[in-house]
Every structure is written in C-alpha cells, then in structure tokens.
Amino acid sequence: MAESGSTSAPPAPVTLPQGNPVVAVLSAWLIPGMGHIYLKRRLRGLAFLVLVIAALLIGCRLEGNLYQVVPGQPLTVLATLGSMGMGIPYFLLRYGLHYQGNVRGAGYEYGTAFLLTAGLMNLLLVLDAWDIVRGKKE
Amino acid sequence: MLSHFLLMVLYALLVGLFFSLLWRRGRREQVKLFLQIFLGMVGGGLLVAWLMYPFPSGPPAPIP
C-alpha cells in the first residue's frame, strides 16, 4: 500500500535533566524547594522554600495543630501523612522543639489549615521534582 | 493577626503564588492564574459569608 504522502513531524527528543531521581525526590521531600534547586531551578526552588516556610511559620504563630496519629481516629493518619509531607521541618517541630498546638488558641483552626497546607504543598513539589527529573515537565 | 479576613487573604495569597509558580511558566500566564486563584478564593469566601449572613451563629461549641 502506498504512503498517503502526509508528513508528520517527528516527536521532539526528550532530554532528561542532569540529576538522580532518588536524590531529587528525597531532597525535595526533606527540604522544601531543594529538589528544584538540585535540578538547577534555583529561583523557583527558593520561591517554593519561602512559600512553604511562610505557611509553616504562620501556622505555628497561630498555634495550629501539627497532626499526629490518634488511636481510634483513622482520618488523623491521613492528616499526619499530609503534615509529614513538609519533611525535616515536621520532625524538627515535633521531636526537636516539642511543638504542640493550642486547642484553646483563637487561631487554632486557621493555624492547622496553614500547617497542613505546608505539608501538602511540599508533597506536590516532590511530585513536580519527579516529573522534571523524568523529563515529563520542563 | 487574628482577623478572619486578613488570614483568608494571606492564605489565598500563599496558595495563589504557589500554584501559579508550580503550574505556569510564562510571567503573563503566572499572573493570570494567580489572579484567578486569589480572587476566586477571596471572592468565594466573601460570597459564602454573605450567603450565611441571615443565619444565626448560635453559641460557641464547648471545647472538650
């Protein structure tokens, strides 16, 4: 059968950025923005670092809850995993500074939202770093 | 620091900046997405607050 003659452009070659996927993902999780810095996206990495740390500091200032697993309450497992997404800051706050929210504090609910958001934002950064190092994203 | 409106604006600011940097590359596209998220969150919050305005708030729930 003869070719129809239509010429389609060949797909653009995917160029993988320099970097180890494991190091990129681990560094992205441990320190917010570090995965992007490792992958030579320094400005974006620094911006992400500032944003996540800002959410974290506001949450602490408002005495929000830094989730931990409560027996008999399965949803706290999900919330704890989400909060742990912020990496080293979670463990530093939990075990180094013995941070505890203040349930009687006026900003408790707001602070909890900021702290959980910091963890979830960093989890998205981990996924973004993974996409970059695999060449699926610029 | 404990103004409900200020905290809502602050939260919308952080989330808007984060997603505009994460999902868009060009400066123009980033600004556009930021404004969509920021105004959507703040405007949506005000709209919900306005809709709830006629309802009585009731006494605060006891703290366990």
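Predicted, not measured: the structure shown is a model, and the values here were computed from it. (Residues numbered from 1 in each chain as written. Chains lettered and ligands numbered in written order. Predicted model: local features only at pLDDT ≥ 70, side-chain atom pairs only at ≥ 80, totals over all residues. Heavy atoms only, no water.)

**Section: unusual backbone geometry**
Residues and elements named next belong to chain A.
At step 1: Of note in this structure, Lys40 is not a glycine but carries a positive phi near 70°.
At step 2: With respect to the helices and strands, Lys40 occurs in the loop between α2 (34-38) and α3 (42-61).
At step 3: Even without a glycine there, the phi angle at Glu63 is positive, about 60°.
At step 4: Positionally, Glu63 belongs in the loop between α3 and α4 (75-84). (Helix = DSSP H or I, 4+ residues; strand = E, 2+ residues; numbered from the N terminus.)

**Some remarks on the confidence of the model for chain B**
At step 1: For chain B, per-residue confidence averages 89 on the pLDDT scale, and 97% of positions sit at 70 or higher.
At step 2: The ipTM assigned to the predicted complex is 0.81, against a pTM of 0.82. (pLDDT = per-residue confidence, 0-100.)

**Some remarks on the interface of chain A and chain B**
At step 1: The interface is formed by 23 residues belonging to chain A together with 15 residues belonging to chain B.
At step 2: For the pair chain A and chain B, the summed buried area comes to about 1900 Å², and 80% of that belongs to carbon and sulfur atoms.
At step 3: Looking at the side of chain A facing chain B, the largest losses of area belong to Leu51, Tyr110 and Phe114 of chain A, adding up to 27% of the total buried there.
At step 4: Our enumeration of links across chain A and chain B arrives at zero salt bridges.
At step 5: On inspection of chain A and its partner chain B, the count reaches three residue pairs in polar contact (both at pLDDT 80 or more).
At step 6: Looking at the side of chain A that touches chain B, the elements with two or more residues in it are α3 and α6 (108-133) of chain A.
At step 7: Taken together, the residues that form the side of chain A that touches chain B break down as 15 nonpolar, two polar and six charged. (Contact = heavy atoms within 4.5 Å. Buried area = accessible area lost by both parts, 1.4 Å probe. Salt bridge = Lys/Arg side-chain N within 4 Å of Asp/Glu carboxyl O. Polar contact = N/O pair within 3.5 Å; in protein donor to acceptor, adjacent residues only side chain to side chain. Nonpolar A, V, L, I, M, F, W, Y, C, P; charged D, E, K, R; others polar.)

**Some words on a nonpolar patch on the surface**
All names here are of chain A.
At step 1: Together, Val22, Leu26, Leu30, Ile31, Ile88, Leu92 and Leu97 give the surface a local cluster of nonpolar side chains, amounting to about 600 Å² of exposed area.
At step 2: Mapped onto the nonpolar patch, the elements with two or more residues apiece are α1 (21-30) and α5 (88-96).
At step 3: Per-element accounting of the nonpolar patch gives the leading share, three residues, to α1.
At step 4: Inspection of the secondary structure puts Leu30 in helix α1. (Patch = residues over 30% accessible without salt bridge, like charges linked within 9 Å, V, L, I, M, F, W, Y side chains within 5 Å. Areas by Shrake-Rupley, 256 points an atom, 1.4 Å probe, with all protein chains shown as cover.)

**Topic: the packing of aromatic side chains**
At step 1: Inspection of the entire model under this criterion finds eight aromatic pairs over all chains.
At step 2: Here Trp29 of chain A and Phe91 of chain A contribute two aromatic rings whose centre-to-centre distance is 6.3 Å and whose plane-to-plane angle is 80°, an arrangement assigned as edge-to-face. With Trp29 of chain A in helix α1 and Phe91 of chain A in helix α5, the pair connects residues that are 62 residues apart, well separated along the chain.
At step 3: Looking at Phe91 of chain A, the relative accessible area reads 31%, which means it is partly exposed.
At step 4: Geometrically, the ring pair formed by Phe34 of chain B and Phe38 of chain B is stacked, given 5.6 Å between the ring centres and 15° between the ring planes. One end of the pair, Phe34 of chain B, and the other, Phe38 of chain B, are both in helix α2 (residues 27-52), four residues apart, so they sit about a helical turn from each other. The pair Phe34 of chain B / Phe38 of chain B is uniform in exposure class, with both members buried.
At step 5: Through a chain of ring-to-ring contacts, the aromatic side chains of Trp29, Tyr90, Phe91 and Tyr95 of chain A assemble into a single cluster. (Phe/Tyr/Trp six-rings, centres within 6.5 Å; stacked < 30°, edge-to-face > 60°. Buried < 20%, exposed > 50% of the residue type's maximum accessible area, 1.4 Å probe, protein only.)

**Considering the packing of helix α1 (residues 4-23) of chain B against α2 of chain B**
Residue and element names in this part refer to chain B.
At step 1: Across the interface, α1 lies against α2 with an axial gap of 8 Å and an inter-helix angle of 150°. Between α1 and α2, the angle falls in the class roughly antiparallel. When you trace α1 past α2, the crossing you get is right-handed.
At step 2: Grouping the amino acids of the contact of α1 with α2 by side-chain chemistry returns 18 nonpolar, four polar and no charged. (Axes fitted to C-alpha atoms, helices over the stretch in contact; angles between N-to-C directions. Parallel < 35°, antiparallel > 145°, perpendicular 65-115°, else oblique. Left-handed = near helix turned anticlockwise from the far one by under 90°.)

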